[in-house]
There are 2 protein chains.
Amino acid sequence: MRSQKTEKHTSDALALVEEMTGKSKEMADLVEQEQANLDVAREIYALRIKAKLSQAELARKVGTTQSVISRLEDADYDGHSLAMLRRIASALEKRVEIRFVPSPKLTQA
Amino acid sequence: MRSQKTEKHTSDALALVEEMTGKSKEMADLVEQEQANLDVAREIYALRIKAKLSQAELARKVGTTQSVISRLEDADYDGHSLAMLRRIASALEKRVEIRFVPSPKLTQA
DNA sequence: GACAATTATCGCATGTTTGCGATAGAGTGA
DNA sequence: TCACTCTATCGCAAACATGCGATAATTGTC
C-alpha cells in the first residue's frame, strides 16, 4: 500500500477522485482507471490481511517473492495481468471473476 | 474464437471441463483457468458482436490492429492484461470489474 | 467459381511485467 | 540500543504481451 494516509509519496488516487468531481472528459477515464487499480490493490491487500498472511508468506504460496506482492498492493501500479491475479486468487482459495459492466458515464458532478 | 465447434485446432476447453469431472487436484486449477480464459474471450466476442463491430472496427476504436483482437478472442489465449481489458471495455462504453469470489472447491464430480 | 468481407495465424520488434536479490525504513519488544 | 519482523523500493535479466504487417483460411453472396 503505497499511497493513502500517512504517506505523501505519489498519487493519492482516492483524494483525487473525491476532489475532482467532473473536470474534463479525458480525465474521467484516467480517474476511473486509478479507481480500478486502487480497487485491485486494495482487494489483494484486504484478502491477504483477512488470511492473516505477511507479504512474504503470501509470496511463498503464490510462488514469488515479497517484493512482487508489495508491488501488486501498490495503488499506483497498473500492470496487473490476469495470470497473476489468478495466481493470487488460487493461493487464497478464491477465483477471479471478470465482468464488463455499463460505464457510469460520469456526466457532470 | 479458435477452439469450440467446427475447429479441431487445439484445446477445446469446454469439452475438457465436461469430460474430466474430478481427476487430479492440480488439474482442477488448470481447468478452472481454461474456463476463465474462455469466459473472457467469449465476453469480448459477445460484446463486440452486440456492438455490431468487426474485429477491424473494434481494433480501430481500441487503438490496435485486427490481429490483436483476434488473439484476445482466442479461448486458448491466457495472456490477458487488465490494461488491455480496460481499453476494450472503454471502447465499448463499459468498464472492467474484478472480483475475487470464493472458489467452488470442485470436490468430487 | 469468383469476389469481397471477415477472421485466424505467423513472425518479429518493442514495450511491459515478472523474478528476485539487496537494501532501506518503520514498527515492536526486550 | 539491539534484534526482529514486515513492508517499500531499486535494479537488472528473463519472460511475456502488444504492435503491426503479411498472408492464409473462412464465410457469404452473386
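Structure: above.
A quick note: this is a predicted structure, and the numbers were derived from the prediction, not measured.

Participant: Teacher, can you tell me more about the overall build of chain A here?
Facilitator: Of regular secondary structure, chain A possesses 5 helices and 1 strand. Ordered by position from the N terminus, the helices and strands of chain A form the series α-α-α-α-α-β. For chain A, the residues scored as buried account for 34% of the 109 residues in total. Sequence-distant contacts, at least 24 apart, represent 56% of the contacts inside chain A between residues at least 6 apart. For chain A, the exposed surface amounts to about 6600 Å²; the carbon and sulfur share of it is 52%.

Participant: Explanation requested: helix α5 (residues 82-91) of chain B in the structure shown.
Facilitator: Along an α-helix, residues three or four positions apart point the same way, because every turn accommodates 3.6 residues. Residue and element names in this part refer to chain B. For α5, the buried fraction is high: 7 of the 10 residues fall into the buried class. Of the positions making up α5, those classed as buried are L82, M84, L85, R86, I88, A89 and A91. Among the residues trailing α5, E93 stands out with phi positive, at a value near 60°.

Participant: I keep staring at the environment of L85(B) and nothing clicks. Help me out?
Facilitator: Following the sequence through the fold, L85(B) ends up in helix α5. Taking the C-alpha atoms as reference points, L85(B) and I44(B), 41 residues apart in sequence, are found 8.7 Å from one another.

Participant: How should the pattern of salt bridges be read in this particular structure?
Facilitator: Opposite charge on two side chains makes pairing possible when the charged atoms of those side chains draw close. The final tally for this structure, using the stated rule, is 7 salt bridges over all chains. Where R99(B) meets E97(B), a salt bridge forms, and the shortest distance between an N and an O atom there is 3.7 Å. Looking at R99(B), the relative accessible area reads 36%, which means it is partly exposed. When its relative accessible area of 21% is taken as the criterion, E97(B) is described as partly exposed. Among the charged side chains, a salt-bridge network with shared partners connects R95(A), E97(A), R99(A), E97(B) and R99(B).

Participant: How should I be thinking about the nonpolar core in this particular structure?
Facilitator: One recurring pattern in soluble globular proteins: nonpolar side chains tend to sit buried together. Grouped together as the largest cluster of nonpolar side chains are 40 residues, with contacts concentrated most on L85(A), I98(A), L85(B) and I98(B). If we skip the residues at most four places from it in the chain, L85(A) touches V40(A), I44(A), H80(A), V96(A), L82(B), I98(B) and F100(B).

Participant: In this structure, what is going on with the side chain of H80(B)? I would like to understand it.
Facilitator: On the secondary structure map, H80(B) appears in the loop between α4 (66-72) and α5. Here the side chain of H80(B) touches Y77(B) through a polar contact of 3.3 Å, landing on its backbone oxygen. Those residues in contact with H80(B) that lie beyond four places of it in its chain are S81(A), L82(A), A83(A), V40(B), L72(B) and L85(B).

Participant: Explain unusual backbone geometry to me, please; I cannot follow it from the model alone.
Facilitator: The phi dihedral of E93(A) is positive, around 60°, even though this residue is not glycine. Mapping E93(A) onto the fold places it in the loop between α5 (82-91) and β1 (94-102).

Participant: So what exactly am I meant to see when it comes to the packing of helix α3 (residues 55-62) of chain B against α5(B) here?
Facilitator: A packed helix pair is summarised by two numbers, namely the angle formed by the two axes and the spacing between the axes. Residue and element names in this part refer to chain B. Relative orientation of the contacting elements α3 and α5 amounts to 105°, with a least axis distance of 9 Å. Comparing their axes, α5 and α3 come out roughly perpendicular. Across from L58, K61 and V62 in α3, the residues of α5 making contact are M84, R87, I88 and A91. Along the lines of polarity and charge, the residues of the contact of α3 with α5 split into 5 nonpolar, no polar and 2 charged.

Procedures and definitions
Residues numbered from 1 in each chain as written. Chains lettered and ligands numbered in written order. Predicted model: local features only at pLDDT ≥ 70, side-chain atom pairs only at ≥ 80, totals over all residues. Heavy atoms only, no water. Helix = DSSP H or I, 4+ residues; strand = E, 2+ residues; numbered from the N terminus. Buried < 20%, exposed > 50% of the residue type's maximum accessible area, 1.4 Å probe, protein only. Contact = heavy atoms within 4.5 Å. Areas by Shrake-Rupley, 256 points an atom, 1.4 Å probe, with all protein chains shown as cover. Salt bridge = Lys/Arg side-chain N within 4 Å of Asp/Glu carboxyl O. Core = buried A, V, L, I, M, F, W, Y, C linked by side-chain atoms within 4.5 Å. Polar contact = N/O pair within 3.5 Å; in protein donor to acceptor, adjacent residues only side chain to side chain. Axes fitted to C-alpha atoms, helices over the stretch in contact; angles between N-to-C directions. Parallel < 35°, antiparallel > 145°, perpendicular 65-115°, else oblique. Nonpolar A, V, L, I, M, F, W, Y, C, P; charged D, E, K, R; others polar.

From the geometry alone we can't say anything about function, so treat these as descriptive.
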